[in-house]
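Structural overview
For reference, the chains in residue letters:
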Amino acid sequence: MAEQVVAAINALYRSDDSKVRHEADRWLDGWQSSSEAWSVANAILHNPSSDPEYTYFCAQTLKTKVQRDYEELPLDSVPQLRDSLLALLIKFGKGQPAVRTQLCLAMAALAAHLPAAQWEEGGVLRWLMERFNGQDADIAMSCMLELLTVLPQEADSRKISCRPERRAAFAAELRAVIPDALNLLTSCLSQPGETVRGQVLESLGCWLKLSGGAALPAGLQNSPLVGAALEGLEKDGTFHSAVDAVGYRCRNVTVLLHCCMVGNQAGTRHTWLKWQLAAVGT
């Protein structure tokens, strides 16, 4: 089956014949809906000789299977899937960022289905932190930053076919670990570069949105994360992520508004942000 999948992907991406591409696309759609897609996609991803086109397509397939076909899986195979996703994240942690993104989304979808009590450390975030501890620092950083972004983003995703009560429970489980998530993001600030800082601020904005104004640690306004967000307003590379983080409004209070008011008043971007916050009210 793996050989057929690879041949179809080759036809889809490399054939000059539109009819061949259409037929390959139709066949691959049917394969992705089959129960065999779980094991075949997983095998191709673990195969060190697989071309980038194969790994991306199969990572996307695995993500979609976890999102919409999770209930096909026997319960005793779920830990194997979880461990396989982790191994694949480590494998692709330094290369093929598009593949890594699909795998992170697959892990987030798995967490949406699998209650916190069934993760050995009491929840997906702590499980991931424990597993990436001791891995190559660059791999751990790239994977954890993306996971810290997609987990809160996917808390309310309708692409994940889970029951409403489970979706609500997943969001509550993530809110319970917001302090852990923010501590981890704070530790990431020690890494150099605007790219990392922008990722940290993007993730911060996602967790603030998920919080709904509750479960935020005391003294957050004085934390290094807020300082980084304010500094980010002065840099093109981090400006938009910083606006999302600093300017998030939840309930009837603009989160971190006070920090903007006591920050550097000279920058025009600080002034712009204060005007925007004032426009929505407090």
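Residues numbered from 1 in each chain as written. Predicted model: local features only at pLDDT ≥ 70, side-chain atom pairs only at ≥ 80, totals over all residues. Heavy atoms only, no water.

1. Some details on the overall build of the protein chain
- The secondary structure content of the protein chain amounts to 15 helices and two strands.
- When contacts within the protein chain are restricted to residue pairs at least 6 apart in sequence, long-range pairs at least 24 apart make up 68% of them.
- Accessible surface, the protein chain: about 13,400 Å² in total, of which carbon and sulfur atoms supply 52%. (Helix = DSSP H or I, 4+ residues; strand = E, 2+ residues; numbered from the N terminus. Contact = heavy atoms within 4.5 Å. Areas by Shrake-Rupley, 256 points an atom, 1.4 Å probe, with all protein chains shown as cover.)

2. Re helix α6 (residues 97-113)
- Over its 17 residues, α6 runs 24 Å from end to end, which matches the ideal 24 Å to within 8%, given 1.5 Å per residue.
- In terms of burial, α6 is largely enclosed, as 14 of its 17 residues are buried. (Expected span 1.5 Å × (residues − 1). Buried < 20%, exposed > 50% of the residue type's maximum accessible area, 1.4 Å probe, protein only.)

3. Description of the side chain of Ser142
- Looking at the element boundaries, Ser142 is found in helix α8 (residues 137-153).
- The exposure class assigned to Ser142 is buried, which follows from its relative accessible area of 16%.
- Leave out the neighbours within four places in its chain, and Ser142 touches Gly93 and Arg100.

4. Looking at helix α4 (residues 52-68)
- Here α4 is 17 residues long and its end C-alpha atoms lie 24 Å apart, about the 24 Å a rise of 1.5 Å per residue gives.
- Taken together, the buried positions of α4 are occupied by Tyr54, Thr55, Phe57, Cys58, Ala59, Thr61, Leu62, Lys63, Lys65, Val66 and Gln67.
- Looking at the buried residues of α4, the elements they touch are α1 (2-14), α2 (18-32), α3 (36-46), α5 (78-91) and α6.

5. Re the packing of aromatic side chains
- Under the defined criterion, the tally for this structure stands at two aromatic pairs.
- Where Trp31 meets Phe57, the ring centres are 6.4 Å apart and the plane angle is 20°; that geometry is what we call stacked. In this pair, Trp31 is assigned in helix α2 and Phe57 in helix α4, connecting sequence segments 26 residues apart.
- Given the relative accessible area of 4%, Trp31 is considered buried. (Phe/Tyr/Trp six-rings, centres within 6.5 Å; stacked < 30°, edge-to-face > 60°.)

6. A look at the packing of helix α9 (residues 164-176) against helix α11 (residues 194-211)
- At their nearest, the axes of α9 and α11 sit 10 Å apart, and the two run at 120° to each other. When the interaxial angle is binned, α9 and α11 end up oblique. In this structure, the crossing between α9 and α11 has a hand that is left-handed. Of the residues in α11, those in contact with Ala171, Leu174 and Arg175 of α9 are Trp207, Leu210 and Ser211.
- For the contact of α9 with α11, the per-class residue count stands at four nonpolar, one polar and one charged. (Axes fitted to C-alpha atoms, helices over the stretch in contact; angles between N-to-C directions. Parallel < 35°, antiparallel > 145°, perpendicular 65-115°, else oblique. Left-handed = near helix turned anticlockwise from the far one by under 90°. Nonpolar A, V, L, I, M, F, W, Y, C, P; charged D, E, K, R; others polar.)

7. Some thoughts on the state of the cysteines
- Under the defined criterion, the tally for this structure stands at zero disulfides.
- Distance from the sulfur of Cys143, which forms no disulfide, to the nearest cysteine sulfur (Cys104) is 5.7 Å.
- Residue Cys143 is classed as buried on the basis of its relative accessible area, which comes to 0%. (Disulfide = S-S within 2.5 Å.)

8. Quick word on the nonpolar core
- Counting 82 residues, the largest nonpolar core has Met107 and Trp207 as its most contacted members.
- Top contributing element to this core by residue count: α6, with eleven residues.
- With residues near it in sequence (within four places) discarded, Trp207 still touches Leu148, Pro152, Leu174, Val177, Ile178, Ala181, Leu182 and Leu185. (Core = buried A, V, L, I, M, F, W, Y, C linked by side-chain atoms within 4.5 Å.)

9. Comments concerning the pattern of salt bridges
- Evaluation of the coordinates by the stated rule reveals 15 salt bridges.
- The salt bridge involving Lys65 is made with Asp69; its shortest N-O contact spans 3.1 Å. For the pair Lys65 and Asp69, one class covers both residues: buried.
- A salt bridge links Arg166 to Glu173; the shortest N-O distance between them is 2.8 Å.
- Using a relative accessible area of 13% as the deciding quantity, one classes Arg166 as buried.
- Via salt bridges that share partners, Lys65, Arg68, Asp69 and Glu72 belong to a single interconnected network. (Salt bridge = Lys/Arg side-chain N within 4 Å of Asp/Glu carboxyl O.)

10. Section: the environment of Met144
- Counting through the fold element by element, Met144 comes out in helix α8.
- We classify Met144 as buried; its relative accessible area is 7%.
- Considering only alpha carbons, one finds Met144 and Leu185, 41 residues apart in sequence, at a separation of 9.3 Å.
- Excluding residues within four positions of it along the chain, Met144 makes contact with Leu125, Leu128, Met129, Phe132 and Leu184.

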